[in-house]
Amino acid sequence: MPPRGGRPGRSERGSGPLLPFDSSHGGSAAPPPAPRGDAPRRVFLGWEQPVLPCAARWILAQLGSELGDVLVAVPGARAARRLRELLAQAAPPVWVPPRVLTQGRLVDELVRLEQPPAGRLVRTLAWERALSELPPAERAHLQRPRPGAGEARERLRLAETVRALHGELAPEGKDFESLARDAWGAELDSEAARWRVLARAQADYRRRIAALGLCDPHEGRARAIAAGAVDTTRRVVLVGVADMNHLLARLIEAVAGRASVLVAAPEAEAAAFDALGRLRSEVWSTRDLPLPLADWRVAEKPVDQAETVRAVLDEWHGTLAPEELVLGVADESVVPYLERQLEDCGVGARRAAGTAVERTRPVRLLRALARYLARRGFAELAALARDPDLARSLGNDPDAPARLDRYHLQHLPWQVGEWLGTRESDQATRAFHDRLEQSLADLAGTEPRPLSEWADPLRTWLARVYPAELDEALEPERVLAEALRLVGEVLGELEEVPPSLALSALHAPEALELLLRGLRGLRVPPPPAETQPGAVELVGWLDLPLDDAPALILTGFNEGRVPEAPGAHAAFLPDSRRTALGLPGDLERLARDVHAATVILSTRARRVFVTARRSAEGDPLVPSRLAFHVPPAEVPERVLRFLPQGDHLHAAPAGDEDAGRSFACPVLPGWVAPRRLRVSAFRTFLSSPYQFYLEHVLGLETLDDRTSELDPRRFGTLAHDALEDLAAGPHDSADAAEVAGFLVERLRARAAAEFGARPLPAVALQVAQLEHRLRLFAVRQAERAAEGWRIHAVEWKPGEPVWLDVDGTPIELSGKLDRVDVHPDGRWAILDYKTGDRKKSPRDAHRKKDKQKSWIDLQLPLYRELGRGLGLAGEPELGYAWIAKEEHETGFFAGDFTPEELDEALAEARRVVRCVRAGQFGVPGRPPYDEILKAIFGLSTLGGEGEEGEA
């Protein structure tokens, strides 16, 4: 249970001076004017009904129908839209509506700035210039260089952080100089030095903004309020504004006599609010939350949260119309899953907050382009190939992503430029790269340019990628069009940067970085509600308290979302310092969210909060601390609710045959039993019938471009390639040094051909490890040659089909024999190369050690059937040649299968074929090694020991 001690609330702590500076120096300014008239009228709306309908009735009843001089402020844009609707519905036929706006816009509506406000990009660049002018020793107090990070990118990153920090402090009545003057103590002298450096940069920043004839909007508003430049002729109503900054509070005090504060709480809670309707944090942060255990659900991942939502709707028996339900989204990663579930139910979804522009197609493409131009890495090239809009503009090559993935798996390239391989797919990959480079002709140059000169080439390139005309009646194309407009606006800002703030000449990736930073935080607005009738609204956490839908389900009820984690500039002001400086921090965020949750729970009968245990990436999550704001006796039951239960508590061991039986194993209609099976396919079926179905019936394979080293299969294949050459080399030599030299030389040649002269560091290390193994193996190979054994064939495949009769309907067996040895005395052997880290004898690899001695692999017995086509007399020895990392595990190991066992193996092979033909794939069996297959099985993707290449 979280600590809930009585720390002082913001209203009872010293808040410091009200922005004690003007645009040119840090001197004191006049105190704010005394409140005009009486204090704001405070009205408690209660919790019996939703807040906004009550507010609409109060406004019309108390202020009349002539509301042209009234400003109504609410916390968010969605609440403003809904309140307008409710007022229009309840108003008389003849009336003058008020202006309804967000609390952030209220200040700009009432305050008269002395100069035009500077835009965000101009402010960022002004900070960048001011910080760049600091001496290096002072700048080191603010930022330590990161290896590999571009200088321009690092400067912009720091400028954005400082701009955001300034933007948070200024509305709270603080500036960097006031913090530098604060009592820090000797142990925090380095922190005090940091704020002194920031104060010097802030003074330079102000001079630069003033020289442009502009003002910083935060400081300009504060000066206007302090100077009395406030419109006091308007009536002001605050609805549910329980959390306001210092600046808004001073504004309300300035218009106090004409202000009304409508509080989302009953009058019995008056002591929990101050005179302006703000929360008393020390009260709300320790308040128990009326969230019944039955209304708190726990799911695993985002997809499970969406399924929980559907289950809750089923519990409510489908009695709700879409407009009677709102889905809260505290974590946006859940949104696509919710949309899919609603679509399955035949209901649309409307993102009430719109779409973050960073998630739109053009911005994702620009981000991928910036990475490619900065790194020229193969991974960045492959990411561009997967963009459907870019692929269409480069010739509509739908196979390009798969070819790049195959190229990656084959060659594990690091950078583009050193092209390997002569396969058709290799050449096609190179051709895609050439087409891309041609399209980037104006962006791919190495010479830096002034910032304004990058805007036009970027517009031209985007115009080639996206169609000139879009049908905005279609939602995806509307979002695309709006996103392109926002990109165009920011490009226009880049062109119009004042010369005094222009950065030094930039390379394309740096210009793109600045463009992407200018787009951060912007959103594509949602379509008008009337264009999506019957859609369920997806609403952010802070918009939910004022929503008036009778039923609510909240997803993402996790710590870091509710309450929200601190911003990126928290390193400058950790929570402990915020408390000491009288700034809002974790206590205030907690109080705000406890109040919000209380309003949500108190104003509707149907409500469910859903918490996830893991993110979409599988990372563990923590439940919101609000779930534990209950009496202490109830906490253990809530902890138990969050902990995984039953099958989720302990993962089944890899060898457990029952592992995964609870997972669905759907088989698609119209499947056809294979007429030919590779020898290795039998092992797959014995391990996992469903994995066999996916791989050998559907033909699925994993193309995973995240690989940065040789997986066990590829490692084994590289060893096979080098050993294949031994047949044409000194395979009859008893000189271990000669054999080792030959194998190492062939390994290096093969590795260079596959991975180039500059392979990934991990690959180079793995090649060196394989060299070590081959040197150990060379000793055993020389000993075997001294015994008279010679290599007869390598990578041998039968020239004619090999059939296994099963109930009168033969099935063809296919495979390759890694190596066939012969001896002068007439003996011969079929050997399979192995490179795994855990050596197993042929018997242990083929049969379990249980009482039944069940077969787990049929490889060597079936190789015996393939090997009959060699025409060699007698029965072959069946065994492994281990290329191990330890000397005592390296060498040749014969199997000791009896004739009866070999016959049993053939009988087992026939049983497998019968099962395949009967479609008996429904048992998952042993969890697969492959991470993608694990995801299909519904298992975690923690990886595991792999196997080498298939026969």
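### A look at the overall build of the protein
- When helices and strands are counted, the protein shows 33 helices and 21 strands.
- Expressed as a percentage of its 951 residues, the buried residues of the protein come to 51%.
- Of the accessible surface of the protein, which amounts to about 42300 Å², a share of 51% is contributed by carbon and sulfur atoms.

### Comments concerning a nonpolar patch on the surface
- Together, Val639, Leu640 and Leu643 make up an exposed nonpolar region whose accessible area comes to about 250 Å².
- Mapped onto the fold, leucine 643 is located in the loop between α24 (635-642) and β14 (676-678).
- We classify leucine 643 as partly exposed; its relative accessible area is 41%.

### Some thoughts on the sheet that holds strand β3 (residues 99-102)
- Spatially, β1-β5-β4-β2-β3 is the arrangement adopted by the five strands of the open sheet, whose pairing is parallel. Because the sheet does not close on itself, it has two edges, and the strands there are β1 (41-44) and β3. For this sheet, the mean inter-axis angle between neighbouring strands, taken without regard to orientation, is 20°.
- Relative to β3, strand β2 (residues 70-74) runs parallel, the two sharing four bridges. The residue of β3 that forms the bridge with valine 74 is threonine 102.
- Contacts between helix α3 (residues 103-110) and the sheet are confined to β2, β3 and β4 (235-239), with β3 contributing the most and set at about 120° to the helix.

### Digging into the sheet that holds strand β16 (residues 802-804)
- The mixed open sheet is built from three strands, whose spatial order is β14-β17-β16. Each edge of the open sheet is held by one strand with a lone partner, namely β14 and β16. On average, each strand axis in the sheet is inclined to that of its neighbour by 40°, with strand direction left out of account.
- When β14 meets strand β17 (residues 811-814), the two strands line up parallel, connected through three bridges. Looking at β17, one finds that leucine 677 is bridged to leucine 813.
- Each of β14, β16 and β17 touches helix α32 (residues 899-917); the most contacted strand, β16, lies at about 80° to it.

### Looking at the side chain of arginine 819
- Among the structural elements, arginine 819 can be located in strand β18 (residues 817-822).
- With a relative accessible area of 1%, arginine 819 lands in the buried category.
- At a separation of 2.8 Å, a polar atom in the side chain of arginine 819 contacts the side chain of glutamine 781.
- Non-local contacts of arginine 819, meaning those with residues more than four positions away in its chain, are made with Leu726, Phe777, Gln781, Arg784, Ile791, Ala793, Val794, Ala829, Ile830, Leu831, Tyr833 and Phe892.

### Quick notes on the environment of leucine 484
- Mapped onto the elements of the fold, leucine 484 is located in helix α20 (residues 475-495).
- On the accessibility criterion, leucine 484 (22% relative accessible area) is partly exposed.
- In the structure, leucine 484 is positioned 123 residues away from arginine 361 in sequence and 9.2 Å away in space, judged by C-alpha atoms.
- Those residues in contact with leucine 484 that sit more than four places away from it in its chain are Pro362, Tyr466 and Leu470.

### Notes on helix α31 (residues 859-866)
- For α31, a buried count of eight out of eight residues is recorded, marking the element as mostly surrounded by other parts of the structure.
- Within α31, burial applies to Gln859, Leu860, Pro861, Leu862, Tyr863, Arg864, Glu865 and Leu866.

### Quick notes on the packing of aromatic side chains
- Applying the stated criterion to the full structure yields 19 aromatic pairs.
- On the basis of an interplanar angle of 80° and a centroid distance of 6.3 Å, the ring pair of phenylalanine 777 and tyrosine 833 is categorised as edge-to-face. Of the two residues, phenylalanine 777 is situated in helix α29 (residues 761-786) and tyrosine 833 in strand β19 (residues 828-834); the sequence distance between them amounts to 56 residues. We note that phenylalanine 777, like tyrosine 833, is buried.
- The positively charged end of arginine 784 is found above the aromatic ring belonging to phenylalanine 892, 4.5 Å away from the centroid.

Reading the values: the criteria
- Residues numbered from 1 in each chain as written.
- Predicted model: local features only at pLDDT ≥ 70, side-chain atom pairs only at ≥ 80, totals over all residues.
- Heavy atoms only, no water.
- Helix = DSSP H or I, 4+ residues; strand = E, 2+ residues; numbered from the N terminus.
- Buried < 20%, exposed > 50% of the residue type's maximum accessible area, 1.4 Å probe, protein only.
- Areas by Shrake-Rupley, 256 points an atom, 1.4 Å probe, with all protein chains shown as cover.
- Patch = residues over 30% accessible without salt bridge, like charges linked within 9 Å, V, L, I, M, F, W, Y side chains within 5 Å.
- Salt bridge = Lys/Arg side-chain N within 4 Å of Asp/Glu carboxyl O.
- Pairing = 2+ DSSP bridges.
- Axes fitted to C-alpha atoms, helices over the stretch in contact; angles between N-to-C directions.
- Contact = heavy atoms within 4.5 Å.
- Polar contact = N/O pair within 3.5 Å; in protein donor to acceptor, adjacent residues only side chain to side chain.
- Phe/Tyr/Trp six-rings, centres within 6.5 Å; stacked < 30°, edge-to-face > 60°.
- Lys NZ or Arg CZ within 6 Å of the ring centre and 35° of its normal.

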